[in-house]
Amino acid sequence: MQVSYNDKIPNNVNLSDDKRLQRALERWLPAYQTWWNDLGPIDSQQHEVYLRTAISVDTDGWAHFDHVRMPDYRWGIFLAQPEADRRIGFGTHKGEPVWTELPGEYRAELRRLIVTQGDTEPASVEQQRQLGKTCPSLYDLRNLYQVNVEEGRHLWAMVYLLHAYFGRDGREEGEAMLARHAGDPDRPRILKAFNEPTDDWLSFFMFTFFQDRDGKFQLSALAESGFDPLSRTCRFMLTEEAHHMFVGEYGLARVLERSCALMREHDTADIRRFGGIDLQTFQKFINFHYSICLDLFGQEQSTNAANYYSMGLKGRYHESKIADDHVLADLGEAVPFVENGVVRTQDVSALTAVNERLRQDYTKDSQRGMNRFNKVIRSFGIDTELYLPHPAFHREIGAFADCYASPDGQILDQATWNKRQAEWLPTEDDKAYVRSLMQPVTGPGQMAGWIAPPKRGIHGKPVDFEYVLFH
Ligand SMILES: [Fe+2]
Ligand SMILES: [Fe+2]
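Described below are features of the structure shown in this document. Since the structure is predicted, the reported quantities are computational estimates derived from the model, not experimental observations.

Regarding its fold elements, the chain presents eleven helices and seven strands. A compact globule built from 471 residues should have a C-alpha radius of gyration of about 23 Å, and the chain, at 23 Å, falls within 12% of that. By its C-alpha atoms, the chain is 65 × 60 × 40 Å across when sized along the principal axes. Looking at the chain as a whole, 46% of its 471 residues are labelled buried. Long-range pairs, those at least 24 residues apart, make up 68% of the contacts in the chain with a sequence separation of at least 6.

Right, dumping it as structure tokens:
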């Protein structure tokens with residue numbers, strides 16, 4: 001399924017057959033470009049970057065790689081191929097054919113789901129906009145920009161759905177996407193984790209490991225949707241998301257590799273003197289990012305989530321691989337709660353607990369990454385283990401919002417928390433130290449001292465390839 005690059009907006013949805021829609025999106029395009037120039041990657045207008053651009057949605061060979069001037073990147077609208085005779089896989093409409101048009105009775109719910117997802121995409125670009133100034137290498141700079149242009153494309157994907165199916169309301173939502181800004185006190189992005197600054201590269205790798213993984217799970221749940229255009233959009237977005245998580249996971253593994261080499265070389269865990277990121281600081285960054293990402297999944301028990309599920313709008317992760325009735329009305333699921341200073345679980349209706357289920361799937365997937373990190377550490381003969389903090393730690397949403405807890409899940413009083421939180425979360429000192437390491441390294445093949453070089457380059461290119469050309 002080739003993509004039309006002759007159109008102003010590349011697409012595989014026959015945009016030129018729908019003049020009204022095409023005109024509406026072409027009117028949104030300059031607003032998007034202004035936003036990109038004002039709030040996208042700083043000072044990148046003249047850079048030529050070795051980027052991949054989607055040219056098809058087939059699994060093999062969907063991407064084309066070349067140097068592209070960043071503002072000339074062709075943001076487009078790509079939906080995965082429709083599946084023949086696809087049926088709704090869960091909820092009260094289970095077994096019925098999927099909807100190819102908007103189901104009118106679920107208009108408000110679908111709009112909310114699409115807007116909430118869509119808002120995170122430009123948010124991450126805004127959060128990461130300063131990073132280009134302090135890249136550890138050209139390889140990493142290229143990866144940052146690749147992630148940024150694709151998050152921009154994900155915004156296009158959601159705005160297309162809003163324009164195509166929600167009329168004037170949808171167009172207004174499309175404008176609002178460019179009016180809210182990450183960290184803006186008056187008009188912030190919708191979700192809290194998407195307002196946090198991400199202005200050092202350790203935070204960037206944590207972000208692409210943890211926040212983008214939240215994206216993977218949200219998109220996977222929406223890919224199950226009975227609203228077929230949403231499902232098809234999310235299925236293609238997931239192929240791009242995989243690279244974002246690779247950037248995070250491999251970036252963090254490379255930081256650890258360098259840290260461990262310094263620990264061995266100097267026979268100490270205190271490697272700040274040698275320009276490394278010590279494992280304690282690394283763990284604190286994990287604690288911060290993982291805990292704010294758990295909040296992104298919402299309340300453990302949620303009527304909204306139950307409704308989305310019953311309506312067939314948002315499913316579970318890998319819904320079709322789960323062996324149950326896919327209706328959940330009579331099934332139970334354990335959710336946590338705090339009683340007299342102890343974390344317990346109780347069985348509730350599985351239908352109201354789909355958020356919790358998705359969060360647990362996210363935790364398993366994150367733990368897989370942790371295991372890989374610990375393998376790196378062990379390969380240096382160092383016996384420190386990194387871990388994911390307990391779900392009660394540092395939470396603002398759900399069962400643990402009103403309590404203080406240590407990373408191992410002990411409920412604490414506020415005085416103890418105040419005394420000890422600097423052991424668990426990055427302090428101003430930690431952040432200042434990490435920031436002090438952020439000096440730009442822009443010679444081909446050169447690498448900052450706090451991170452190991454990658455084993456291989458991008459798309460068969462050598463590590464010392466000129467991934468970014470400055471003009
Ligand atoms: Fe995205
Ligand atoms: Fe992403």
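A few words now on the pairing of strand β3 (residues 332–339). Across eight bridges, β3 lies against strand β4 (residues 342–349) in antiparallel orientation. Counterpart to F337 in the pairing with β4 is R344. Between β3 and the antiparallel strand that follows it, β4, lie two residues; N340 among them carries a positive phi value of about 50°.

Before going further, it helps to spend a moment on the sheet that holds strand β2 (residues 63–69). With respect to topology, three strands assemble into an open sheet ordered β2-β1-β7, the strand pairing being antiparallel. A single partner strand is all that each edge strand has here, and the edge strands are β2 and β7 (468–469). Here strand β1 (residues 48–54) pairs with β7 via two bridges, running antiparallel. The residue of β7 that forms the bridge with E48 is L469. Against the sheet, helix α3 (residues 138–165) makes contact with β1 and β7, and its axis sits at roughly 40° relative to β1, the strand it touches most.

The subject of this paragraph is the packing of helix α2 (residues 107–127) against α3. Running from N to C, α2 and α3 cross one another at 155°; their axes reach a closest spacing of 8 Å. As summarised for this structure, α2 and α3 are arranged roughly antiparallel, according to the angle between their axes. In this structure, α2 crosses over α3, and the sense of that crossing is left-handed. Residues I114, Q117, G118, E121, P122, S124 and V125 of α2 form the contact with α3, whose own contacting residues are N148, E151, G152, H154, L155, M158, V159, L161 and L162.

Here helix α7 (residues 279–295) contains 17 residues, and its C-alpha end-to-end distance of 25 Å stays within 8% of the 24 Å for a straight helix at 1.5 Å per residue. Most of α7 sits out of view: 15 of its 17 residues are buried.

Running from N to C, helix α1 (residues 19–39) and α3 cross one another at 145°; their axes reach a closest spacing of 11 Å. Between α1 and α3 lies a crossing of right-handed hand. Within the contact between the two elements, α1 uses L21, A24, L25, W28 and W36 and α3 uses G152, V159, Y160, H163 and A164.

In this structure, V255 sits in helix α6 (residues 228–266). Taking the C-alpha atoms as reference points, V255 and W35, 220 residues apart in sequence, are found 32 Å from one another. Discounting chain neighbours no more than four positions away, the residues touching V255 are L202, F205, I277, W450 and I451.

Given a rise of 1.5 Å per residue, 39 residues ought to cover 57 Å, and the 57 Å separating the end C-alpha atoms of α6 matches this to within 8%. Of all the bends in α6, the greatest measures close to 30° and is centred on T239. Phi turns positive one or two residues past the end of α6, at D267, with a value near 55°.

This part is about unusual backbone geometry. Residues other than glycine predominantly adopt negative phi, and peptide bonds predominantly adopt the trans conformation. Even without being glycine, D43 reaches a positive phi, approximately 50°. Position of D43 among the secondary structure elements: in the loop between α1 and β1. Note on D43: 11 C-beta atoms within 10 Å, which makes it exposed. Within the chain, H394 stands out as a residue other than glycine whose phi angle is a positive 55°. Within the secondary structure, H394 sits in the loop between α9 (354–379) and β5 (404–405).

About the criteria used
Residues numbered from 1 in each chain as written. Chains lettered and ligands numbered in written order. Predicted model: local features only at pLDDT ≥ 70, side-chain atom pairs only at ≥ 80, totals over all residues. Helix = DSSP H or I, 4+ residues; strand = E, 2+ residues; numbered from the N terminus. Rg over C-alpha atoms; globule rule 2.2 N^0.38 Å. Buried ≥ 20, exposed ≤ 12 C-beta atoms within 10 Å, placed from the backbone. Contact = placed C-beta atoms within 7 Å. Pairing = 2+ DSSP bridges. Axes fitted to C-alpha atoms, helices over the stretch in contact; angles between N-to-C directions. Parallel < 35°, antiparallel > 145°, perpendicular 65-115°, else oblique. Left-handed = near helix turned anticlockwise from the far one by under 90°. Expected span 1.5 Å × (residues − 1). Bend = angle between axes of the 7 residues up to and from the residue.

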